[in-house]
Amino acid sequence: MKGFEYRHVVTIEDTDLLGNVNYVNYISWQGRARELCLREYTPDVVAGFGDGVRLLTVSCQCEYLRELTIFDEVAVRMTPGEVGQTQMTMRFEYWRQRPDGEELVATGEQRVACVRPGPGGDMVPARLPESMRRLVDAVTAGRR
């Protein structure tokens, strides 16, 4: 699977009282993969955050297939989905790393919108920057 990959080692901080990874961490890892991908491929978008351009998470979801526990190593792989004028979708797969291969443990998706402050201070839709459109091509080509 081509796309952006974020690797994470599960620590005690990630687990609940039963020793399993708490469900909210999967969503957190989605955000981390997204932001690190933006940092690598679209530094101008990240710099633009100072000018008022923002990415607003419209929706996110995760389907849990297997449990992760302490010291599991997981590769979170992000690929682009639909790209519109002001919004884009990203898909996520979570793969447990094992000596004998990988095991899919969860899947997810996020939809983000590009916004900026309007005249009254409220957020209004903004076109996705061209560099984010190029990001889709770069990530799909598997540059990383």
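Structure shown above.
In this text, all values refer to a predicted model and were calculated from it rather than measured experimentally. (Residues numbered from 1 in each chain as written. Predicted model: local features only at pLDDT ≥ 70, side-chain atom pairs only at ≥ 80, totals over all residues. Heavy atoms only, no water.)

## Observations regarding unusual backbone geometry
Reasoning step 1: Despite not being glycine, Phe 71 shows a phi value in the positive range, around 70 degrees.
Reasoning step 2: If you trace the backbone, Phe 71 turns up in the loop between strand E2 (54-64) and strand E3 (73-83).
Reasoning step 3: By relative accessible area, Phe 71 is classed as exposed at 59%. (Helix = DSSP H or I, 4+ residues; strand = E, 2+ residues; numbered from the N terminus. Buried < 20%, exposed > 50% of the residue type's maximum accessible area, 1.4 Å probe, protein only.)

## A few points about the nonpolar core
Reasoning step 1: Judged by nonpolar contacts, the single largest core of 32 residues is most densely connected at Tyr 26, Trp 29, Leu 68, Tyr 94 and Leu 135.
Reasoning step 2: Within the residue set of this core, elements represented by two or more residues are strand E1 (4-9), helix H1 (23-41), E2, E3, strand E4 (87-98), strand E5 (101-117) and helix H3 (130-140).
Reasoning step 3: For this core, the element with the most residues is H1, which contributes six residues.
Reasoning step 4: Apart from the residues within four sequence positions on either side, Leu 68 is in contact with Val 10, Gly 19, Asn 20, Val 21, Tyr 26, Trp 29, Val 74, Arg 96 and Val 105. (Core = buried A, V, L, I, M, F, W, Y, C linked by side-chain atoms within 4.5 Å. Contact = heavy atoms within 4.5 Å.)

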